[in-house]
Amino acid sequence: MQIKIEAESRRGLRVIEEIPDIPLCRIEGYNGIGKTAAIKLLRLCAGDQPFAEHAQDWRSFRDQLVRARVTVTGLREARSIEWILDPSEWPLEPRPLEERLGRISIDGKRVGHRAVLPLLSVHHIIAAETPLKVLSNRVEAFRRRISDWLEDPGEGRQHEVDFAIDEVQKLILQSGPSQLQTEMKAAEDNAKISGLLTAELSTQRHRMEILDRAAGVMDRLDQVRGQGPEMQEKLDRLKEELDELEKKTEKLDEQITQASSRQHLDEQAEREFANARKFLVRNDKALRQATSELERLTIAAGVEPDNDRLLATQRELARNLHELLERQPQVHAAPMLVSILEDLADRLSDAERHELGQTVLLEEDEGVPGRTVSYLRGAFLRQAAKLRERTPSGDAQQLAAEIDSVRSRIDAVVQTSAKLSEVEQAQVNFSRAEKRLREASESLPAQTAKTIDDLIRMRNELDQRSRLVQADHARLEHARELLGGGMTEDALAAELLRLCKQAEVNVARLRGRREQARSEIDQLTRSHVQAIQAAERTQRALEDRKSRIAQVVELLTQSDAYAWLREALPGIAELRRASPTQQATLLNDISARLEQARDKLQQQYAAIRGIGSALGRLYGELGNSSGTLTAPTYWDRTARVWLASEVESWFSDPLLREFLFEGAKDLRLDWRDMRVQWTARGEEMSRPLSGFSSGQQAFAYTHAQLAQLEREESRAANRLIALDEFNAFLDAERMRDLAAYLEERRLRQPHDQVVVISPLDKIPSMEGGGKEQQARINELTQRGYLTEAFAL
């Protein structure tokens, strides 16, 4: 690589201009000429921060360097890299510069700082830094990196991730997926209980209907046994009287017919008279039938056959029906109110679970004290319990029966009114028929007409008497029907036995068993209503739970706010295709995994803090050179074990082992006191890191650093390795060893460019020198340093 540096500086800062494209190069020059400054500047260009542990030196370097242009050519995987640097944009603290470094171009194209990392790296190995000092600096560097990360962005990031996880867990918790199975079981059980009670109540009501019918038959049987024979005797007498009147009427009709046929010679008058008589008979029959039906309806309606009375009765019944219908919602309101109160109590219970029990929900108003969430929930439950005692049972059934009775009576009154109009019309028709018969009789001879008139008058009297007897018979027959249901005593007794057998009850215990059954139905009705309410409530809760879970699933699978979660847990995509039960299980699993991740996050964060603290204590111990740590924590031991492994990796090279440890193969570092231990010639050897000579430490450190660079798996395509200040610590023999090692290493690592930096040992002389010596003198005079291939 060919490196050119154009730097403008002030207050004494100098930077050498060039590092030639020599694989193993030596730069020798006056002190202060800018050899080390150039390497540090190149480290900055390569993305490193060489002043990380030296804030004061960093501020001095930043202030003295005005601007600079650095160009590197002869690269692998690129032709050139150019940096144009403006130190005024650099931060005051020695942090990685990244995009604040300046303008960077690769092969003439503007790029970001990260594009340089895979192309170029710069490594600076300083012999003046002993292994112990290097270890201390590395420990402190790691400690600072951890401390900086914890401060920003570590702590903020930890809180951000913890908050994001907490938000998802709250979202899942609010939907309550863990309660879905319980609520499904409760809804299923309550629906089953409600169904069983519905079936049982239907059976009991059917049995109650049989018992009611049996009791009604028993009542009619008692009435028939007391009054039945007497009423039947009266009906028989009226029937005999009707039959006698019918016979007399038929005899009169026959006499009227004979009289008209015997005395009247006018066939036309005879036919007219015969037709008028038939017309009278028909209307008389219609009047009798209508009158009998009217009598039956007036008894059923409980009203006299008068239009004014019928209208007044109909209005009164309508008012009664309206009052009964207004009472009906009040009787049936209790279940609805119980359901409302229990729903409100459930909502308030949710608020209590979120620690809002003592929150004032209703503030004080006009002397009425404020009420908390917990107080209102208790009040609602107490009121629901009171209303539950008033759930519809026998009262509701009795009210329904009264409504049916009033409606039936209204219907009977309406029919009575219509039948009264029919009777009035029948009377008009009958009067018209009588008039027609009288007019027809006027066409007969006087004596015949007189005879027929007498017969007709007698017949009318019989008809009038027949109608009265017919009405009495109809009233009495209807009364008997009401009394015994139209059944005889034997028929009623047989029906009673049949109904009691069907109801599985003894006749003698019918009334008592009926009252007991009524009480059982009342209690069963209450239980049934409560079961229906419980089933509806649990079903609503279940549907609400499913809805909440579905909303959470929609958010987690679709919302951009939870894209990070879908990336972390790809299985979330299965939520939308899952059933509600599967969704609840998956949500519980996600919540559990998030809780594990949250715990792990806190543990990792605490571990990083522990490592930082341990590195700080280790740095202090290394600075005091005691190497001993009292009462070490887990992270103290971990930090020392890590450091020991780092040191052991330095000494893994065979050349180092031969040079420093007589070729020992069991080299190890005790992390407790930081002493190197090995076996040489069968004897256990031990020496602290600070116990090696400066030359030994310099050679070992340099060799270890170079060996470590060789072992790097991820490396830049081009590496510049600068070895600085070795002349002060290595004697001639060690320098020859180092030169031989570097030459041998160059063959193994042909893409590394190594620069050995040393102060000017002596000024070149022209004595015994030729053109080459003169060129070296000119270069030193012009630039203050010499560049050449490194060899001894």
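For the structure, see preceding data.
How each quantity is defined
Residues numbered from 1 in each chain as written. Predicted model: local features only at pLDDT ≥ 70, side-chain atom pairs only at ≥ 80, totals over all residues. Heavy atoms only, no water. Salt bridge = Lys/Arg side-chain N within 4 Å of Asp/Glu carboxyl O. Helix = DSSP H or I, 4+ residues; strand = E, 2+ residues; numbered from the N terminus. Buried < 20%, exposed > 50% of the residue type's maximum accessible area, 1.4 Å probe, protein only. Polar contact = N/O pair within 3.5 Å; in protein donor to acceptor, adjacent residues only side chain to side chain. Contact = heavy atoms within 4.5 Å. Pairing = 2+ DSSP bridges. Core = buried A, V, L, I, M, F, W, Y, C linked by side-chain atoms within 4.5 Å. Patch = residues over 30% accessible without salt bridge, like charges linked within 9 Å, V, L, I, M, F, W, Y side chains within 5 Å. Areas by Shrake-Rupley, 256 points an atom, 1.4 Å probe, with all protein chains shown as cover. Expected span 1.5 Å × (residues − 1). Arc of directions from axis to C-beta. Axes fitted to C-alpha atoms, helices over the stretch in contact; angles between N-to-C directions. Phe/Tyr/Trp six-rings, centres within 6.5 Å; stacked < 30°, edge-to-face > 60°.

Help me understand the pattern of salt bridges in this model?
Close approach of charged atoms allows side chains of opposite charge to pair. Taken as a whole, this structure holds 33 salt bridges when the rule is applied. Between K4 and E18 there is a salt bridge whose closest N-O contact spans 3.9 Å. Taken as a pair, K4 in strand 1 (residues 2–9) and E18 in strand 2 (residues 18–19) lie far apart in primary sequence, 14 residues in all. For K4, a relative accessible area of 44% gives the class partly exposed. Across the salt bridge formed by E140 and R144, the nearest N and O atoms sit 3.2 Å from each other. Of this pair, E140 and R144 are both found in helix 3 (residues 131–175), 4 residues apart, which corresponds to roughly one turn of the helix. Within the structure, one salt-bridge network assembled from shared partners comprises K4, E18, E779 and R783.

I'm lost on the side chain of E779 in this one. Help?
In this fold, E779 is placed in helix 18 (residues 771–783). For E779, a relative accessible area of 17% puts it in the buried group. Engagement of the side chain of E779 in a polar contact is seen with the side chain of T787, the distance being 3.1 Å. Beyond its immediate chain neighbours, meaning those up to four positions away, E779 contacts G784, Y785, L786 and T787.

Please clarify how helix 2 (residues 55–64) should be interpreted in this entry.
Owing to its 3.6 residues per turn, the α-helix brings residues three or four apart onto one side. Within the span of helix 2, buried status applies to W58, F61, R62 and Q64. For helix 2, the elements touching its buried residues are strand 1, helix 1 (35–45) and strand 4 (65–73).

What is the right way to look at the pairing of strand 4 in this model?
If a strand is regular, its side chains alternate between the two faces of the sheet. For strand 1 and strand 4, the ladder comprises 8 bridges, and the chain directions are antiparallel. When the sheet's bridge partners are listed, A7 is paired in strand 4 with A68. Bridge count for strand 4 against strand 5 (residues 80–85) is 6 bridges, and the pairing is antiparallel. Within strand 5, the residue paired with A68 across the bridge is L85. As consecutive antiparallel partners, strand 4 and strand 5 are separated by 6 residues, and within that stretch G74 has a phi angle of approximately 70 degrees, a positive value.

Please explain the nonpolar core as it appears in this structure.
Residues I19, L41, F61, W83, L85 and W90 are the most contacted members of the largest nonpolar core, which totals 44 residues. For this core, the leading source of residues is helix 1, giving 7 residues. Every residue in contact with F61, bar those within four places of it in the chain, is listed here: L13, A37, L41, L44, F51 and W90. Of all hydrophobic cores here, the second largest spans 24 residues; its members include L622, A644, A664 and W671.

What's the story with a nonpolar patch on the surface in this structure? I'm lost.
A surface patch of nonpolar side chains, amounting to about 240 Å² of accessible area, comprises L337, I340 and L344. Examined against the element boundaries, L344 turns out to sit in helix 6 (residues 307–353). Looking at L344, the relative accessible area reads 38%, which means it is partly exposed.

Looking at this model, I keep getting lost on the pairing of strand 1. Mind explaining?
Sheet analysis places strand 1 next to strand 2, joined by 2 bridges and oriented antiparallel. Within strand 2, the position partnered with K4 by the bridge is E18.

So what exactly am I meant to see when it comes to helix 10 (residues 489–503) here?
Between its first and last C-alpha atoms helix 10 spans 21 Å; for 15 residues at 1.5 Å apiece the expected length is 21 Å, and the two agree. Turning to helix 10, its buried residues number three or more, namely L492, L496, L499, C500 and A503. The buried residues of helix 10 occupy one face: seen down the axis, they fall within an arc of 100 degrees. Residues of helix 10 that are exposed and point over 90 degrees away from its buried face: D490, L497 and K501. Taken from the residues just after helix 10, E504 is the one with a positive phi, measuring 60 degrees.

Where do I start with the sheet that holds strand 2 in this structure?
Whether parallel or antiparallel, the strands of a sheet pair through hydrogen bonds between backbone atoms. Strand order across the open sheet formed by 6 strands is 2-1-4-5-6-7, with antiparallel pairing between neighbours. The open sheet is flanked by strand 2 and strand 7 (109–111), the only strands paired with a single partner. Note: strand 5 against strand 6 (residues 102–106), 5 bridges, orientation antiparallel. The residue of strand 6 that forms the bridge with I84 is R103. Strands in contact with helix 2 are strand 1 and strand 4; relative to strand 4, the strand with the most contacts, it is inclined by about 85 degrees.

What should I look at first to understand the environment of L310 in this one?
As for its placement among the helices and strands, L310 is situated in helix 6. Taking relative accessible area as the criterion, L310 reaches 1% and is therefore assigned buried. Sequence-wise, L310 and T416 are 106 residues apart; in three dimensions their C-alpha atoms are separated by 8.0 Å. Ignoring sequence-local partners within four residues, the contact set of L310 consists of V303, E304, V413, T416, S417 and L420.

Is there a simple way to think about the packing of aromatic side chains in this case?
Geometry of an aromatic ring pair is reported as the spacing of the ring centres plus the angle between the planes. Tallied over the entire structure, the rule returns 6 aromatic pairs. Both rings, one in F142 and one in W642, keep their centres 5.2 Å apart while their planes meet at 90 degrees; by these two values the pair is edge-to-face. Of this pair, F142 sits in helix 3 while W642 sits in helix 14 (residues 634–650), and the two are 500 residues apart along the sequence. Ring centres of W149 and Y605 lie 6.5 Å apart, and the angle between their planes is 50 degrees; on these two criteria the pair is classed as tilted. Of the two residues, W149 sits in helix 3 while Y605 sits in helix 13 (residues 580–624), which places them 456 residues apart along the sequence. Taking relative accessible area as the criterion, Y605 reaches 12% and is therefore assigned buried. These aromatic residues form a ring-pair network of at least three members: F51, W58, F61 and W90.

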